[in-house]
Each structure stands twice: as structure tokens, then as C-alpha cells.
Amino acid sequence: MSRVDIQHVTKRYGTFAALDNVSITFNDGEFFGLLGPSGSGKTTLLRSIAGFITPDEGTISFDGEQVENVPVHRRAIGMVFQSYALFPHLTIGENIGFGLDVRGIAREDIRKRVAEMLSLVRLAGLEGRYPRQLSGGQQQRVALARALITKPKVLLLDEPLGALDRRLRQEMQVELKDIQRETGITAIFVTHDQEEALTLSDRIAIIDQGRLIQVDSPHTVYERPTNIFAANFLGDANVFRGTPVPEGLRLADGTIIATFTASTGAAIVRPEKLRVTSGHTKCSGNSLQGEIIQAIYSGASVTYRIRTKVLGETPLLAFIQNQTGEVLDTGASVTVNWDKEQTIPVNT
């Protein structure tokens, strides 16, 4: 397997910097998620690692050896695309073994390796079928087996589950994680799906406008985002802006929002950290009065959009687990409170 080092990589298209002085290390055996909006640079970074794009500046190294001038077929990478890119006229076995066949590997050795890959991706016995005879999830596993059969140092996945429906995508997330753990391969994947990034990644990089915004574990990025962009991109966040004071943050109307550490002029609290009670109730910690303007019932939970004086036209979001079956009515007066430890100072 392999460690991948990106040092000061820049890629420009005219005056537009798709990557802007990016430095990051993908550790050996790590499952790493690149997360960002469309056009952020995450796919450009993945394709630079693969060799499809040559950076204007900086270096890309596999285990200390620079590869930015090494052609794609010599980089020892496996690639999985959102569209699967299977050959429709070849059987599943022939699709999986294609990379070995073009390398001139003996037929019997290919047959054995294909059988091993089919077992790994839980498709044993289907080698004689054609792609059109498989489900979307099965086709994605074939694409994964084809990428792994050449024993690459690095596995690159570009929106690997984006073509699947929600339920199948969730099932494939578990399988993909299991296969990566079983093989121990260094895997780097691009996604815009927040849940997918949280589920699969050992670490996440949030990218925007070609720059790294935050790199850390999914737990840290979610619970302690560094700025408002990271907070809003990975999950929902209620944002407060004001003046730093010893207690936390003083809002424009004088309300003090207590924070767990010194404020920076802005702070966020996640919707699921809030507690909502009917009427005006005295509560410990941070507390705001409001009025429910929308209740979104989704079975297991209820999401409330709440009008408050301090946020004006911007609704406060509260995500409440459905433990009692009660749903508060639109227009109801409520008290929203939360602990200061859940109020996270962030950069703007």
C-alpha cells in the first residue's frame, strides 16, 4: 500500500485556480474523503493524483517518489468512476480481469485472481453474466473488483456511489468500508454527500475554491468546525454573529450567547444540540424565546424552524428525536435552550 504526499500543488485554467497551493498527506491504509461543492477542486485533486491532470506547480509523491511526471498506467493506481465504466460486451469475469489481460498475464492466473476478487466483493458465481444482467450495486462492486485486481498502491474513487438510490447507497457504504479494511489499501474518494463522507472517512478534507478549509477526523470537523463554511457544508448549523465578550458572544440586541471557549465574533450550534419546550420556560445555559414557523415531521425525528428575535428573518433550526410522538403546532411559543459547551466559536 502507499502514502501519498501532496505539496504546494497548484493548477490554473487561465486566471482561475482550480487548486491553490494545496498541501496534504494521505496516510498508508487510510480511507480519506474529499468533500466540497461543485467546482471546489476536489475532482481536480483526485485526477492530479491519478495522472489525468498535470499540476502547474508543486509535487505529488507515492512513498517518497515523485509521480507528477509519471504516466497514468505506471502510477499503480486503481480508479472507480460514478458511471462504473464497465465494458457491456464483456462478461463480469472478463471485465474484472481486463487489467491483467492487457498486461499479458497467463489465463490461469487471471482466472484465479478473478475468482479471488469475486469472493472479495461478494459476487462469486456471477463471472459469466454481463453488466446489463446485474443491479447497480452489483455493477459498482464489479468496478471495484476491476480496480483492485492489479493490486494498486492507491484506490481512487470519484463519486463512487452517486448513481445509486439512497437505500442501496447506504448498503454499499458499509460494503465499501469493509472491503477497504480487508485489503488495507489507501483509498481517496470524492463526494459531495455529507453522510457518505462521515460514514466512510477516517479523515475528511473540506475544499472550497481550490483551497483546503479544514482537514481532520469526521468527528472533529463536525463537532469543531473551524469556520462558518465548514460548519454549513458538513451538516446544518445555526450561526450567531456578534462582539466577543468574556462570557462568549454579545449579539446586536445585547443578548449574550455563552460559548465553550473564547469567542471569535461568530459561533455555531448544531440543530440536534437544541432542546425545545412549549411556552416560556426558565432554563440553564443558553436560552431563547421563539415561535414555531414550520414543523417537519419525518417519522424518527421532527425538525422545527423557529423565529427568534435575535436572528430576525433567519430561522433557528432544531432537530428533535421523536421519543414521545408529540409535534408542536405551527405558531406555538417555545423556549429553545442548549449548553454553552455546544456553542462553538468559528472564524467567519
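Preceding this paragraph is the structure being described.
Residues numbered from 1 in each chain as written. Predicted model: local features only at pLDDT ≥ 70, side-chain atom pairs only at ≥ 80, totals over all residues. Heavy atoms only, no water.

1. A few points about the layout of surface pockets
In this approach, a probe sized like a water molecule rolls over the atoms, and the result shows the empty space that is left. The computed volume of the largest pocket comes to approximately 540 Å³. Lining the largest pocket are 18 residues, with Ile77, Met79, Gly99, Arg103 and Arg146 sitting closest to its centre. Looking at the lining of the largest pocket, the elements with two or more residues in it are strand 6 (77–81), helix 2 (92–101) and helix 4 (136–148). Looking at side-chain class alone, the lining of the largest pocket contains twelve nonpolar, four polar and two charged residues. (1 Å grid on protein atoms, 1.4 Å probe; cavity = no way out; pocket = protein on both sides within 12 Å on 5 of 7 lines; lining within 4 Å. Points joined across faces, edges and corners; volume = space filled by probe spheres on them. Helix = DSSP H or I, 4+ residues; strand = E, 2+ residues; numbered from the N terminus. Nonpolar A, V, L, I, M, F, W, Y, C, P; charged D, E, K, R; others polar.)

2. Describing empty space enclosed by the protein
For the structure on display, the rule yields three cavities of 30 Å³ or more. Looking at the largest cavity, its volume works out to about 50 Å³. Around the largest cavity, the lining residues are Val80, Gln140, Arg141, Leu144, Leu157, Pro160, Leu161, Met172 and Leu176. Looking at the lining of the largest cavity, the elements with two or more residues in it are helix 4 and helix 5 (166–183). A class-by-class count of the residues in the lining of the largest cavity yields seven nonpolar, one polar and one charged. Estimated volume of the second largest cavity: approximately 40 Å³. Along the walls of the second largest cavity sit Tyr222, Glu223, Arg224, Ile268, Arg270, Lys273, Gln342 and Ile344, which together make up its complete lining. Looking at side-chain class alone, the lining of the second largest cavity contains three nonpolar, one polar and four charged residues.

3. Points about the nonpolar core
One finds Ile96, Leu144, Leu148, Leu155 and Leu157 to be the most contacted residues of the largest nonpolar core, which totals 34 residues. Of all the secondary structure elements, the ones that give two or more residues to this core are helix 2, helix 3 (107–120), helix 4, strand 7 (154–158), helix 5 and strand 8 (186–191). With six residues, the single largest contributor to this core is helix 4. Apart from the residues within four sequence positions on either side, Leu157 is in contact with Leu46, Val80, Leu144, Leu176, Ala187, Ile188, Phe189 and Val190. Listed in part, the 24 residues of the second largest apolar core include Ala50, Val67, Val154 and Ile207. (Core = buried A, V, L, I, M, F, W, Y, C linked by side-chain atoms within 4.5 Å. Buried < 20%, exposed > 50% of the residue type's maximum accessible area, 1.4 Å probe, protein only. Contact = heavy atoms within 4.5 Å.)

4. A few points about the pattern of salt bridges
Overall, the coordinates contain 15 salt bridges when judged by the stated rule. Linking Glu108 and Arg111 is a salt bridge whose minimum nitrogen-to-oxygen distance equals 2.5 Å. Note that Glu108 and Arg111 are positioned in helix 3 at a spacing of three residues, about one turn of the helix. We classify Arg111 as partly exposed; its relative accessible area is 49%. In this structure, the salt-bridge partner of Arg307 is Glu291, at a minimum N-O distance of 3.9 Å. Remark: Glu291 occurs in strand 17 (residues 286–297) and Arg307 occurs in strand 18 (residues 301–308); sequence separation between them is 16 residues. Accessibility expressed as a relative area gives 39% for Arg307, which makes it partly exposed. Its relative accessible area of 34% is what places Glu291 among the partly exposed residues. In this structure, a network of salt bridges that share partners links the residues Lys177, Arg181 and Asp202. (Salt bridge = Lys/Arg side-chain N within 4 Å of Asp/Glu carboxyl O.)

5. Describing the sheet that holds strand 20 (residues 333–338)
The strand order across the open sheet built from five strands is 16-20-17-18-19, with neighbouring strands paired in antiparallel fashion. Of all strands in the sheet, those with a lone pairing partner are strand 16 (275–278) and strand 19 (316–321), marking the two edges. On average, each strand axis in the sheet is inclined to that of its neighbour by 45°, with strand direction left out of account. Of the strand pairs in this sheet, strand 17 and strand 18 are connected by seven bridges, and their pairing is antiparallel. Residue pairing in the sheet places Tyr297 in a bridge with Val302 of strand 18. (Pairing = 2+ DSSP bridges. Axes fitted to C-alpha atoms, helices over the stretch in contact; angles between N-to-C directions.)

6. Focus on the environment of His73
With respect to the secondary-structure elements, His73 resides in the loop between strand 5 (65–66) and strand 6. With 23 residues separating them along the chain, His73 and Ala50 place their C-alpha atoms 9.2 Å apart.

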